[in-house]
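The primary structure of each chain is shown beneath.
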Amino acid sequence: MITVIPAATRGTATIDAYEAIRTAKKIFVQTKKHPSIEWVCELRPDAVSMDDLYDECFDFDELNRAIADRLVSSGDDAAYVALGRGAGEAVTEAIRNAADENGETIRSLASGGFAEAAMQCIGMTMPDNVVICKANALENAAIDTHRGCIIEELDTRIMAGETKLLLSEYFPDEHETVLFTMDSKGEYSAKRIKLYELDRQDCFDAATVLYIPKAEFMELTRHGVDSLMHVLKRLRAPGGCPWDAEQTHESLRTPLIEEAYEVLDTIDSGDADAMCEELGDLLLQIAFHAQIEEEHSSFTMRDVCTGIVNKLIFRHPHVFGSVNVSGTDEVLSNWENLKKIEKHQKTQAEVIRAIPKSFPALTRSFKVQKKAADVGFDWSNAKEAFFKIGEETRELEQAMSDGTNTYEELGDLLFSVVNVARLLKIDPELCLNDAATKFADRFIAMETLAEADGRKLCDMTLDEMDAYWNKAKGAEKR
């Protein structure tokens, strides 16, 4: 039997830990170079440290294996005392694997860590539901500003700096924290500091602990999706904002579309600050719809996030599974096949039928053609499709002469133009939008040139306006 025993200070060790340390045939300690372990050596003067292994091993993987091998080779009934909350997942796994190979069993005793020891030493009460984690695991911790957190093992100034930066994403820089440090006798003292001051201290080692109390909502300077939903709930609740409370899915249709297009404008302009703002406005629309459904007990914003996360994992088996792909084309092919499975689509007709009719016409035409092309119903290349434009143009010309079917023939002509754009790998929606922008800019320049000559467009003939148009067009090439 190999027993792994967490140990912070004498006062926080459990009765089980004391008994295991006292009765083990052989006792090993992680190190003898830290004051938090001195009481163990006083209780068991025969304790053997792993300090020599730290000096001999190249990296932590080698160190963990060496520790495990030493414990397993020590014979029956050995105990290993580790600093803080526990030996760590990596070394515990190494010990477990070595024990299994040699027919040994392993048990890990539950115990408090440096957080409990620090709080106890200065007479503080451990806050309810506080998040406790090691500094090197903080990035993956569920930080909650409403609960606060305690960070253990701030062992270097570099680690303190990284911790400060990560916590600053959640808590205000001016938020008051408590830094606990251990002296040479294994006793803790506390110092209140602002969060931004954390890496300006000079007292970091394995026993250093930081306590960040919970923050009130209105104190926060950084926010996540949870804060957005909190605000929306308040706005739509009784006593909130009358306008927000009156909104429905139908009333928010137009703002949703408008905000999406405003995001596209910022992408075209390359203005990162504007993009950040407009993405926030678009996110608000998504959150609004989710909040309305939560009030109807249909789904929540968390359900929305769960759905898209599950979808991304399912459609990326080459990342989250064991599927191998040769490149982007195979990724896209797998994506479409998995999408069919996900939506229970058995025929290509079902795939085409699922394309939303609310899409802009150019986008919907592009999508319909693409789905038909996925099963081979397509032109060989853009040049072949281009001749269809001429055919549809002649049919429209004939319809205009006859005075019939112009609506249908014009639609066929536009559809054929989209086909060519698709085969040229050009987004027709963006292409036409750029053409409209070019026309608008040229028209504005034309009117500006005319006004510079003291003339108004409304007083000019078409030929005169054409002359200014060509002048504006020529100016673009300079």
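Use the structure listed above.
(A) Local environment of a nonpolar patch on the surface. On the surface, a cluster of nonpolar side chains totalling about 400 Å² of accessible area is made up of Val 225, Leu 256, Leu 283, Ile 286, Phe 299 and Val 304. Along the chain, Phe 299 falls in the loop between helix H11 (272-295) and helix H12 (301-314). The exposure class of Phe 299 is partly exposed, given its relative accessible area of 33%.

(B) Highlighting helix H16 (residues 361-373). For H16, with 13 residues, the first-to-last C-alpha span of 18 Å sits near the 18 Å given by 1.5 Å per residue. Listed as buried for H16 are Leu 362, Thr 363, Ser 365, Gln 369, Lys 371, Ala 372 and Ala 373.

(C) Here's a closer look at the sheet that holds strand E6 (residues 131-134). Reading across from one edge, E6-E7-E10-E8-E9 is the order of the 5 strands in this open sheet, with mixed pairing throughout. Each having just a single partner strand, E6 and strand E9 (188-194) make up the two edges of the open sheet. The sheet shows a mean angle of 20 degrees between the axes of neighbouring strands, taken without regard to direction. As paired elements, strand E8 (residues 176-182) and E9 share 7 bridges and run antiparallel to each other. Residue pairing for E9: Thr 181 is matched across the bridge by Ser 189.

(D) Broad picture of the side chain of Ser 168. Along the chain, Ser 168 falls in the loop between helix H7 (157-167) and E8. Excluding anything up to four places from it in sequence, Ser 168 contacts Asp 173, Leu 195 and Arg 222.

(E) Inspection of unusual backbone geometry at higher detail. Notably, Asn 129 is not glycine yet its phi reads approximately 60 degrees, a positive angle. By secondary structure assignment, the location of Asn 129 is in the loop between helix H6 (114-121) and E6. The class for Asn 129 is exposed, based on a relative accessible area of 58%. Even without being a glycine, Ser 297 presents a positive backbone phi close to 60 degrees. Turning to its location among the elements, Ser 297 is positioned in the loop between H11 and H12.

Each value, and the rule that gives it
- Residues numbered from 1 in each chain as written.
- Predicted model: local features only at pLDDT ≥ 70, side-chain atom pairs only at ≥ 80, totals over all residues.
- Heavy atoms only, no water.
- Patch = residues over 30% accessible without salt bridge, like charges linked within 9 Å, V, L, I, M, F, W, Y side chains within 5 Å.
- Areas by Shrake-Rupley, 256 points an atom, 1.4 Å probe, with all protein chains shown as cover.
- Salt bridge = Lys/Arg side-chain N within 4 Å of Asp/Glu carboxyl O.
- Helix = DSSP H or I, 4+ residues; strand = E, 2+ residues; numbered from the N terminus.
- Buried < 20%, exposed > 50% of the residue type's maximum accessible area, 1.4 Å probe, protein only.
- Expected span 1.5 Å × (residues − 1).
- Pairing = 2+ DSSP bridges.
- Axes fitted to C-alpha atoms, helices over the stretch in contact; angles between N-to-C directions.
- Contact = heavy atoms within 4.5 Å.

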